[in-house]
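# A structural walkthrough
Here are the chains, one letter per residue:
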Amino acid sequence: MPEKKLPFTYSQLVKIVADHATPFHIYDEKAIKENAQRLNKAFSWNKGFKEYFAVKALPNPFILKLLKSEGFGTDCSSLPELLLSEKVGITGEDIMFSSNDTPASEFIKARELNATINLDDISHIPFLKQNGGIPEIISLRYNPGKTREGSFIMGAPEEAKYGFTKEQIFRGLTQLKDLGSKRFGLHTFIASNELNPDYFAHTAEMLFLFAVEIKGKLGISLEFVNISGGIGIPYRPEQKPVDLEYVSRKIKDKYDSIIIPHGLDPLALFMECGRMITGPYGYLVSTVLHIKNIYKKHVGLDACMANLMRPAMYGAYHHITVMNKENLPHDVVYDVTGSLCEPIDRFAIDRKLPEIEPGDLIVIHDTGAHGHSMGFNYNAKLRSAELLLRENGEVIEIRRAETIDDYFGTLNLNALQGFIV
Ligand SMILES: *Cc1c(COP(=O)(O)O)cnc(C)c1O
């Protein structure tokens, strides 16, 4: 089995753990930066190209600041995500507000920040008019229904709750134009964690052709299309990352053959990737508490699915390295578990690993997106710290671990004394 790379050695990790109790997520600044630069470079042929980092993947302002320095905006879908962007000075059209089932307060804040709103439904047009007002620039989210296949995480488009139908896009654009909008974009998000590079070229082609149809039917020249996120990452060591240069070339071919001849150039290409930006560059570090031998062998960690829920929620594979035992034979079959009183609380099932002992340091890979952010407090588990490994080797805490006081903080303990039963 090929091993996956780590940005620290065993002895470096031992030093980090001496200062920061496990479990924690640690992110690799240098790798995130280089990856962001690779994406921008790959799409530099498109003058308006912009990546709006999906904040939900890793909602930490240190990371947002780092990505802002590479020219990224943010893709927000809630009020706190808008506020996180504002905290690091990301405002205006550097924010794409792609939400659904949106409360009024969120539209109002998005309008206050002059964020570009990506509307999820035709009924949101009058709702937005009343709550924040119709902006000059607006994007519509397209759901292609049966014409496209979805993915395991997103489901089939025609079953999904997102977006406008095609006919609604035409009606919606007409309504918005009548209400005063002047600049328009089209968005779609169909698949998540997709590793087939042709998928993204196909999505871009679908939106390019739609842009041509919109121009023909409504006389509206779109300003941008947003193929959103969904670029997968190689969670398994034998998988390969999506070749961004290949995706870019394929999309450029479609741009040259569809957009340019129809007089729609310049059309900006936007993305809202989360997973592929930070996912591979985060690691959940945990210590083995117990080895339990019953019908199966169980490794009990000091982390649980509250720290990383993808394996339990999606049956997702996350590679595991037992530190300082990389070169030992991987010939013991373990379930790697957490301490939740839930049988699904497992990071790995029937995984072949080296012989493990209590005290071993375990690294769970690819937790830089949809990792810490999906955490929760069930079983009164407290969320872990987040650390950043800087380019110079320094480690900084970018979020402390939750404390019992944090957990108790939302309880109305003042009224408990007077609560007579
Ligand atoms: C979740 C989400 C993304 C990011 O998805 P990834 O799979 O992390 O790339 C982008 N856009 C929208 C609207 C989303 O909901």
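Numbering of residues starts from 1 in each chain and follows the order in which that chain's sequence is written. Residues qualify for local features only when their pLDDT is at least 70, as the model is predicted, and side-chain atom pairs are given and counted only at 80 or more; totals for whole chains, interfaces and linings, by contrast, use all residues. Hydrogen atoms and water are omitted, and side-chain values are computed over all heavy atoms in the structure.

### Some details on the packing of helix H4 (residues 79–87) against helix H5 (residues 104–112)
Axis definition: a line fitted to C-alpha atoms, limited for helices to the stretch in contact. Angles are taken between N-to-C directions and run from 0 to 180 degrees. The secondary structure listing takes helices from DSSP runs of H or I that are at least 4 residues long and strands from runs of E that are at least 2 residues long, numbered from the N terminus. Direction vectors running N to C along H4 and H5 enclose 20 degrees, while the axes themselves pass 9 Å from each other. Our classification of the angle between H4 and H5 gives roughly parallel. With respect to the hand of their crossing, H4 and H5 are arranged in left-handed fashion. When H4 is examined against H5, the residues Leu 79, Leu 82, Leu 83 and Glu 86 are found in contact with a partner set consisting of Ser 105, Glu 106, Lys 109 and Ala 110. Working rule for angles: under 35 degrees goes down as roughly parallel, over 145 as roughly antiparallel, 65 to 115 as roughly perpendicular, anything else as oblique. Note on convention: the crossing is left-handed when the near helix lies turned anticlockwise from the far helix by less than a right angle, right-handed when the turn is clockwise. Two residues qualify as a contact provided that any one of their heavy atoms is within 4.5 Å of a heavy atom in the partner residue.

### A word on the domain arrangement of the chain
Often, the extent of an interface is quoted as the loss of accessible area on bringing the components together. In this entry, domain limits derive from an automatic or database-based domain assignment. Domain boundaries assigned for the chain yield domain 1 (29–278) and domain 2 (280–405). For domain 1 versus domain 2, the distance between C-alpha centres works out to 32 Å. Taken together, the contacts link 28 residues of domain 1 with 22 residues of domain 2. Interface of domain 1 and domain 2: buried area, both sides summed, is about 2,200 Å²; carbon and sulfur atoms make up 58% of it. Definition used for salt bridges: Asp or Glu carboxyl oxygen within 4 Å of a side-chain nitrogen of Lys or Arg. Taken together, domain 1 and domain 2 are joined by 2 salt bridges. Across the pair Arg 390 and Glu 29 runs a salt bridge whose closest N-O atoms are separated by 2.6 Å. Counted as a polar contact is a pair of N or O atoms within 3.5 Å, where, for protein atoms, one must be capable of donating a hydrogen and the other of accepting one, and residues adjacent in sequence contribute only when both atoms are in side chains. Linking domain 1 with domain 2 are 13 residue pairs in polar contact (both at pLDDT 80 or more), by the criterion used here. Classification convention: Asp, Glu, Lys, Arg as charged; Ala, Val, Leu, Ile, Met, Phe, Trp, Tyr, Cys, Pro as nonpolar; all other residues, Gly among them, as polar. Taken together, the residues that form the side of domain 1 that touches domain 2 break down as 16 nonpolar, 5 polar and 7 charged. Buried surface area refers to the total accessible area, computed with a probe of radius 1.4 Å, that the two partners give up upon joining, counted for both partners together.

### A closer look at the sheet that holds strand E2 (residues 50–54)
The pairing criterion is simple: DSSP has to find at least two bridges between the two strands. In spatial order, the strands read E2-E3-E4-E5-E6-E7-E8-E9; together these 8 strands close into a barrel with parallel pairing. Neighbouring strand axes in the sheet, compared pairwise and without regard to direction, differ in orientation by 25 degrees on average. For strand E5 (residues 116–119) and strand E6 (residues 137–141), the ladder comprises 3 bridges, and the chain directions are parallel. Bridge pairing in E6 links Asn 118 to Ser 139. Packed onto the sheet, H5 meets strand E4 (95–98) and E5 and runs at close to 145 degrees relative to E5. Running over the sheet, helix H7 (residues 166–178) touches E5, E6 and strand E7 (183–187) and is turned about 165 degrees from E6.

### Brief notes about the layout of surface pockets
The distinction between a cavity and a pocket rests on a 1 Å grid over the protein atoms alone: a 1.4 Å probe fits inside a cavity but cannot get out, while a pocket stays open yet meets protein on both sides within 12 Å along at least five of seven lines, and a residue with an atom within 4 Å of a point counts as lining. Grid points are joined across faces, edges and corners, and a volume is the space filled by probe spheres set on the points. What the largest pocket holds in volume is close to 770 Å³. Lining of the largest pocket is provided by 30 residues; of these, Arg 38, Pro 234, Pro 241, Pro 280 and Tyr 281 occupy positions nearest its centre. For the lining of the largest pocket, the secondary-structure elements that each account for two or more residues are helix H2 (29–42) and helix H9 (244–259). Among the elements that make up the lining of the largest pocket, the one with the highest residue count is H2 (5 residues). Its residues assigned to classes, the lining of the largest pocket shows 15 nonpolar, 4 polar and 11 charged. Taken together, domain 1 (29–278) and domain 2 (280–405) each give at least three residues to the lining of the largest pocket, which thus spans both. Within this model, the second largest pocket holds a volume of roughly 610 Å³. As for the second largest pocket, its lining consists of 31 residues, and the residues nearest its centre are Lys 56, Met 154, Tyr 162, Phe 189 and His 370.

### Let's talk about unusual backbone geometry
Here the bond from Thr 22 into Pro 23 is cis, since omega is 0 degrees, no more than 30 degrees from zero. For Pro 23, the location among the structural elements is in the loop between helix H1 (10–19) and strand E1 (24–28).

### Things to note about the site of the ligand
Residues are classed as near a molecule or strand on a simple rule: at least one heavy atom within 4 Å of it. The ligand sits among 14 residues. The nearest are Lys 56, Gly 230, Glu 272, Arg 275 and His 370. Separating a nitrogen atom of the ligand from a side-chain N or O atom of Asp 75 is a distance of 3.1 Å. Between the ligand and His 370, the relevant distance is 2.7 Å, taken from an oxygen atom to a side-chain nitrogen or oxygen of the residue. We get accessible surface area from the Shrake-Rupley algorithm with a probe of 1.4 Å; when it comes to residues, only the shown protein chains can shield them. Considering the ligand on its own, with 390 Å² of exposed area, one finds that the protein chains cover 92% of that surface. Residue composition of the shell around the ligand, grouped by class: 3 nonpolar, 6 polar and 5 charged.

### What to know about the pattern of salt bridges
Inspection of every chain in the model, using the stated rule, returns 22 salt bridges. Notably, a salt bridge pairs Lys 50 with Asp 94, separated by 3.2 Å at the nearest N-O pair. One end of the pair, Lys 50, is in strand E2; the other, Asp 94, is in the loop between H4 and E4, with 44 residues separating them in the sequence. Note on classification: 1.4 Å probe, protein chains only; a residue is buried when its accessible area is under 20% of the maximum for its type, exposed when over 50%, partly exposed between these limits. Exposure remark for Asp 94: the relative accessible area of 33% places this residue in the partly exposed category. Between Asp 360 and Lys 325 there is a salt bridge, and its shortest N-O distance comes to 2.7 Å. Here the residue Asp 360 occupies a position in the loop between strand E14 (346–353) and strand E15 (361–364), and Lys 325 occupies one in the loop between strand E12 (320–322) and strand E13 (332–337), the gap between them amounting to 35 residues. One salt-bridge network, in which partners are shared between bridges, spans Lys 296, Asp 335, Arg 346 and Asp 350.

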